[in-house]
Structure formats: C-alpha cells, structure tokens
Amino acid sequence: MKLYYNPASSYSQRVLIALYEKDIPFTPIKVNPSDPEVREQYQKINPFGKIPTLETDSGELIFEACIIIEYLDRQFPQQPCLLDRERMLEIRSIERIIDVYINGSREVLFADSQRQLELRGKKKVIKARRLLETACNFLEAKLQDRTWLAGEQFSLADCTAAPTLTYLRLVYDYQHLPNLTNYMRRLESRSAVAKVQREGMVRMNQMLAALPYPLELAPLAHASC
Ligand SMILES: N[C@@H](CCC(=O)N[C@@H](CS)C(=O)NCC(=O)O)C(=O)O
C-alpha cells in the first residue's frame, strides 16, 4: 500500500495519524504538488492534484483524507476503531464541522494574513471568523464531558482535529477555551500525533520562513493545576 503525501500537509497528516495509530505498514511517497513538474505527473494519479492519495496493493486509488481513513478502518480492524458504527453519525458530523468550518475558515484567515494591511478584514473574512468561533465553541461544548471528540474512544474526528487545531494556532489562538486547549494537550501526548507533528515541522518552518507576512504557532500554555 502506498501513500502519496507531504509531511507538512494537514490532510496528509490526518491519514498518517490513522496509519500510525493502527500501526499499519505502508510505503510513503513524498509529493510536492506546488512544483509544476511534479504536479503534472501526480495528476495522473490524482486528477485533482490533491494530497493525500492511497494506492492499495491491488492498484485501486483512493482520494480524500476521510475516505482513506474509512478504508483503512475497514481493512485493518485493529484498535483504535476509528469509525465505531454506534457513533458513526456523530463522528462524521464532527469531522465535517472541523473540515468545513474550522479548516475552511482557517484557510480564509491565513490568506487574509498574507494580504497588505489595507486589504485585510473584508466581509468574507469576518464571516469566516464568525463560523470559526461558532465551530470552536461547538467543540468546546462537546468536550465538556468526554476525553475525545466523539466520546471515550479516539476516532476519525480526532485524526481530523489534531492537524487542523495545530495549524489553526497560526491564525487563531483558542486558548480562552479550556476544554479545547486541554484536548489539544491530550492529542499531543499521543505518540502518533507527536510523530506527525515532528515530521511536519521541518517543512512547515521552511514554509513559514518564506511568508511575506510572518506568522507563528501560538504555543500551548502549560496546564494550570
Ligand atoms: N478534500 C481533500 C483536500 C486535500 C488538500 O487540499 N490537500 C492540499 C494539501 S493540505 C493540497 O493537495 N494542496 C495542493 C493543491 O491544492 O494544489 C482531502 O480531504 O483530502
């Protein structure tokens, strides 16, 4: 099984977390779709030019991070079970909320942070920030009485949340939300998440250094007792 990915890509990281959590062997193939030559070749594998893509041993190509994780969970039933049937709807709904409202808004805020000052903060950005705040508050409420986003078992929703909430700290510091902040600390204490963060850091730091307007990951403050 081959995974076409990039260590700094948050969508790739979702899948890597699932692979590491389940200890599934795979062949990693690093791709940089922003290189035009690489992109042209890669589009023969994924016509959208998006990473990640999973190629199964029978040559089937699977696109979209959440579908790849679903495939892995079906084929490799070992723990953790990432899409528990009983919690399926909630897991999927949280995954969508993170992908669309948190990650989507994060991308809008990121693009805005790289515009000239006088061009920033337009209507679309204000709307994105509102959606982002609503989605973070939604997760904060979910985490009131549970360890992971869909209950006591680590799931697809958490594979999606870990890289998204890491990169979110570039443009939005959510540490006024204690449940979400403590949840991020719990995520970082999982070896699969820590490994993915370590592997992505080098490339991410290179990308941050090349930005016209500098950004930094807001560090997670230490937990108060
Ligand atoms: N909906 C896709 C999104 C994947 C995606 O946007 N990947 C980014 C990297 S994080 C990418 O390939 N960007 C290159 C491009 O858009 O050309 C998924 O869930 O896998």
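Chemist: What's the story with the overall build of the protein in this structure? I'm lost.
Modeler: Within the protein, the secondary structure is distributed over 8 helices and 4 strands. Radius of gyration (C-alpha) of the protein: 18 Å, near the 17 Å computed for a compact globule of 225 residues. In terms of overall dimensions, the protein has C-alpha extents of about 50 × 45 × 30 Å along its principal axes. Looking at the protein alone, contacts between residues at least 24 apart form 71% of all its contacts between residues at least 6 apart.

Chemist: When you look at the site of the ligand in this model, what are you seeing that I'm missing?
Modeler: Near the ligand you find Ser 9, Ser 10, Tyr 11, Pro 33, Gly 49, Lys 50, Ile 51, Glu 64 and Ala 65, and these make up its full shell. Among the residues making up the shell around the ligand, the classes are represented as 4 nonpolar, 3 polar and 2 charged.

Chemist: What is the right way to read the domain arrangement of the protein from this model?
Modeler: Accessible area lost upon the coming together of the parts is a frequently used measure of interface size. Domains assigned within the protein are domain 1 (2-75) and domain 2 (85-209). On a C-alpha basis, the centres of domain 1 and domain 2 stand 21 Å from each other. Facing 12 residues of domain 1, the contacting portion of domain 2 comprises 18 residues. Of all the secondary-structure elements, those providing two or more residues to the side of domain 1 that touches domain 2 are helix 1 (10-22) and helix 3 (65-75). Residue contributions to the side of domain 1 that touches domain 2 peak at 8 residues, all from helix 1. Across the side of domain 1 that touches domain 2, the residue classes tally to 8 nonpolar, 2 polar and 2 charged.

Chemist: How do you make sense of the nonpolar core when you look at a structure like this?
Modeler: Nonpolar side chains in soluble globular proteins generally cluster together in the buried interior. If you look at the biggest cluster of nonpolar residues, it comprises 51 residues, and the most contacted ones within it are Val 15, Ile 17, Ala 18, Ile 69 and Ala 157. Going through the elements one at a time, strand 1 (2-5), helix 1, helix 3, helix 4 (88-113), helix 5 (123-142), helix 6 (156-168), helix 7 (178-188) and helix 8 (191-209) are the ones with two or more residues in this core. Here this core gathers at least three residues from each of two domains, domain 1 (2-75) and domain 2 (85-209). Residues in contact with Ala 157, not counting those within four places in the same chain, are Ile 91, Ile 94, Glu 95, Ile 98, Leu 149 and Ala 150.

Chemist: Honestly, unusual backbone geometry in this entry has me stumped. Any pointers?
Modeler: The bulk of non-glycine residues show a negative phi, and the bulk of peptide bonds are trans. Across the junction of Ile 51 and Pro 52, the peptide omega takes the value 10°, indicating a cis bond. Counting through the fold element by element, Pro 52 comes out in the loop between helix 2 (36-42) and strand 3 (53-55). At the junction of Gln 79 and Pro 80, the peptide bond is cis and its omega measures out at -5° in the coordinates. Positive phi values are uncommon outside glycine, yet Asp 23 reaches one of about 55°. Among the structural elements, Asp 23 can be located in the loop between helix 1 and strand 2 (27-30). A positive phi angle is found at Glu 64, which is not glycine, with a value near 75°. Topologically, Glu 64 is positioned in the loop between strand 4 (61-63) and helix 3.

Conventions used here
- Residues numbered from 1 in each chain as written.
- Predicted model: local features only at pLDDT ≥ 70, side-chain atom pairs only at ≥ 80, totals over all residues.
- Helix = DSSP H or I, 4+ residues; strand = E, 2+ residues; numbered from the N terminus.
- Rg over C-alpha atoms; globule rule 2.2 N^0.38 Å.
- Contact = placed C-beta atoms within 7 Å.
- Near = placed C-beta within 6 Å.
- Nonpolar A, V, L, I, M, F, W, Y, C, P; charged D, E, K, R; others polar.
- Domains from an automatic or database assignment.
- Core = buried A, V, L, I, M, F, W, Y, C linked by C-beta atoms within 7 Å.
- Buried ≥ 20, exposed ≤ 12 C-beta atoms within 10 Å, placed from the backbone.

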